[in-house]
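Each chain, letter by letter, is given below.
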Amino acid sequence: MSSPRRPLVGGNWKMHLTVVETTAYLARFVPALESDGPEVVLFPGFTLLPAARELGPDGSVAIGGQDLHPEPRGAHTGDVSGPQLVDVGCSWVLCGHSERRHDHGESDDLVAAKVAAATAHGLTPMICVGETADERAADRTLEVLDRQLRAAVGAAVGAGVDRYALAYEPVWAIGTGLTATPQIAQDAHRFLRRLLAEVAGETRAESCRILYGGSVNPGNAADLISQPDLDGFLVGGASLDPEKFLTIIRACGS
Ligand code: PGA
């Protein structure tokens, strides 16, 4: 079934690559993108953002930060603010990635504050939600998704902003090689879209891109994207290889 939403594909580089590697990557990647393909956004590490901005000048690739602090400035050693991301050319930012929630103990309230800060500075948040293996085993998946979505999307709705995307990333599938089946992903995406209708309204629910993330690779992308409520991918490991990432992007059509 074809979707009314333009596909969106994000590459989350996490804590990988150097400036030299970024330049080499983009020199191969950017010219190979098709102009009528999906919208593409890269999330390089903070130190790589200026190099990434240099090579995506025609707007074919947007760049985003992997995180931001809720405050615009201040005594927060090691953090990066929304204005600093905008300053180096970011238009997107990840909020609530499970590695932030788990490695750094980020709560739903903190994720909500980050979404509010992102929107205040003109950044588009890509809001990540997803259950752990234990939560799924305990049949708590929908409860977790409900809690995470209400907190994060509620912050955008409260700010009067409808500029955000969602990424469903089951934690048990991230970096594990265990991909959700197309049906598991579709069921979660359908649930999230229904919830969005409740929280943000029917029109916004229909227009919002909901990406799937968790061990997406060139071999499983086509099956996953055939599901009606999947609007693209947030890709970690496979986005580090420009050829693999391009194959995944092409699978999403236009
Ligand atoms: P993965 O990561 O594709 O390596 O599983 C996805 C993500 O964490 O965004």
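Quick summary incoming for the structure in this document. (Residues numbered from 1 in each chain as written. Predicted model: local features only at pLDDT ≥ 70, side-chain atom pairs only at ≥ 80, totals over all residues. Heavy atoms only, no water.)

### Observations regarding the environment of glutamate 143
Part 1: With respect to the helices, strands and loops of the structure, glutamate 143 is situated in helix H7 (residues 141-158).
Part 2: Using a relative accessible area of 45% as the deciding quantity, one classes glutamate 143 as partly exposed.
Part 3: Reaching out from glutamate 143, the side chain makes a polar contact with the side chain of arginine 140 at a distance of 3.2 Å. (Helix = DSSP H or I, 4+ residues; strand = E, 2+ residues; numbered from the N terminus. Buried < 20%, exposed > 50% of the residue type's maximum accessible area, 1.4 Å probe, protein only. Polar contact = N/O pair within 3.5 Å; in protein donor to acceptor, adjacent residues only side chain to side chain.)

### Quick word on the packing of aromatic side chains
Part 1: The full count for this structure, using the stated rule, is four aromatic pairs.
Part 2: For the ring pair tyrosine 25 and phenylalanine 29, a centre distance of 5.4 Å and an interplane angle of 45 degrees mean the geometry is tilted. With tyrosine 25 and phenylalanine 29 both in helix H1 (residues 19-32) and four residues apart, the pair spans about one turn of that helix.
Part 3: Aromatic rings pair up to connect Trp13, Tyr25, Phe29 and Phe245 into one cluster.
Part 4: When the ring centre of tyrosine 164 is taken as origin, the NZ or CZ atom of arginine 204, which lies over that ring, is 4.4 Å away. (Phe/Tyr/Trp six-rings, centres within 6.5 Å; stacked < 30°, edge-to-face > 60°. Lys NZ or Arg CZ within 6 Å of the ring centre and 35° of its normal.)

### Some thoughts on the pattern of salt bridges
Part 1: Tallied over the entire structure, the rule returns 19 salt bridges.
Part 2: Arginine 140 is paired through a salt bridge with glutamate 143; the nearest N and O atoms lie 3.2 Å apart.
Part 3: Across the salt bridge formed by aspartate 229 and arginine 193, the nearest N and O atoms sit 2.6 Å from each other. One end of the pair, aspartate 229, is in the loop between helix H10 (221-225) and strand S8 (232-235); the other, arginine 193, is in helix H8 (residues 182-200), and 36 residues separate them in sequence.
Part 4: The exposure class of aspartate 229 is buried, given its relative accessible area of 5%.
Part 5: Taken together, the shared-partner salt bridges connect Arg5, Arg190, Arg193, Glu206, Asp229 and Asp231 into one network. (Salt bridge = Lys/Arg side-chain N within 4 Å of Asp/Glu carboxyl O.)

### Looking at the site of the ligand
Part 1: Neighbouring residues of the ligand: 13 residues in total, closest Lys14, His97, Glu169, Gly175 and Ser215.
Part 2: One of the side-chain N or O atoms of asparagine 12 is found 3.4 Å from an oxygen atom in the ligand.
Part 3: Within the side chain of lysine 14, one N or O atom sits 2.7 Å away from an oxygen atom of the ligand.
Part 4: Its free accessible area being 290 Å², the ligand has 95% of it covered by the protein chains.
Part 5: Grouping the constituent residues of the shell around the ligand by class yields four nonpolar, seven polar and two charged. (Near = heavy atom within 4 Å. Areas by Shrake-Rupley, 256 points an atom, 1.4 Å probe, with all protein chains shown as cover. Nonpolar A, V, L, I, M, F, W, Y, C, P; charged D, E, K, R; others polar.)

### Points about helix H5 (residues 108-120)
Residue pairs three or four apart in sequence face the same way in an α-helix, which turns once every 3.6 residues.
Part 1: With 13 residues, H5 extends 18 Å from end C-alpha to end C-alpha; this agrees with the ideal 18 Å at 1.5 Å per step.
Part 2: Of the residues making up H5, those classed as buried are Asp108, Val111, Ala112, Lys114, Val115, Ala117, Ala118 and Thr119.
Part 3: Looking at the buried residues of H5, the elements they touch are strand S4 (92-95), helix H4 (98-103), strand S5 (124-129) and H7.
Part 4: Phi turns positive one or two residues past the end of H5, at glycine 122, with a value near 85 degrees. (Expected span 1.5 Å × (residues − 1). Contact = heavy atoms within 4.5 Å.)

### As for the pairing of S5
Part 1: With six of six residues buried, S5 is to be regarded as a mostly interior element.
Part 2: Of the two faces of S5, the one holding Thr124, Met126 and Cys128 and the one holding Pro125, Ile127 and Val129 are both buried throughout.
Part 3: Taken together, the four bridges between S4 and S5 define a ladder with parallel strand orientation. Each bridged residue has a counterpart across the sheet, and for cysteine 95 the counterpart in S5 is isoleucine 127. (Pairing = 2+ DSSP bridges.)

### Some points on the nonpolar core
Part 1: One finds Phe29, Leu42, Leu166, Leu196, Tyr212, Phe233 and Phe245 to be the most contacted residues of the largest nonpolar core, which totals 65 residues.
Part 2: The dominant element in this core, judged by the number of residues it contributes, is H8, at seven residues.
Part 3: Once you skip the residues sitting within four places of it in the chain, phenylalanine 245 turns out to touch Val9, Gly10, Gly11, Tyr25, Phe29, Val40, Leu42, Val235, Ala238 and Ser239.
Part 4: The next biggest cluster of nonpolar side chains, apart from the first, holds 12 residues, and it includes Phe43, Ala62, Trp92 and Leu234. (Core = buried A, V, L, I, M, F, W, Y, C linked by side-chain atoms within 4.5 Å.)

### A short note on the packing of H5 against H7
Working note: a packed helix pair is described by the angle between its axes plus the distance between those axes.
Part 1: Relative to each other, H5 and H7 sit at 30 degrees, their axes nearing to 7 Å. With respect to H7, the element H5 is oriented roughly parallel. Note that H5 runs across H7; the crossing there is right-handed. Residues Asp108, Val111, Ala112, Val115 and Ala116 of H5 pack against Arg147, Gln148, Ala151, Ala152, Ala155 and Ala156 of H7.
Part 2: Classifying every residue of the contact of H5 with H7 gives eight nonpolar, one polar and two charged. (Axes fitted to C-alpha atoms, helices over the stretch in contact; angles between N-to-C directions. Parallel < 35°, antiparallel > 145°, perpendicular 65-115°, else oblique. Left-handed = near helix turned anticlockwise from the far one by under 90°.)

### Describing the sheet that holds S4
Part 1: Read around the closed barrel, the eight strands follow the order S1-S2-S3-S4-S5-S6-S7-S8; overall the barrel is parallel. Taken over all neighbouring pairs, the strand axes of this sheet differ in orientation by 25 degrees on average, direction set aside.
Part 2: As defined by bridge partners, S5 adjoins strand S6 (residues 165-168) across four bridges and the pair is classed as parallel. In the strand pairing of S6, isoleucine 127 is matched with leucine 166.

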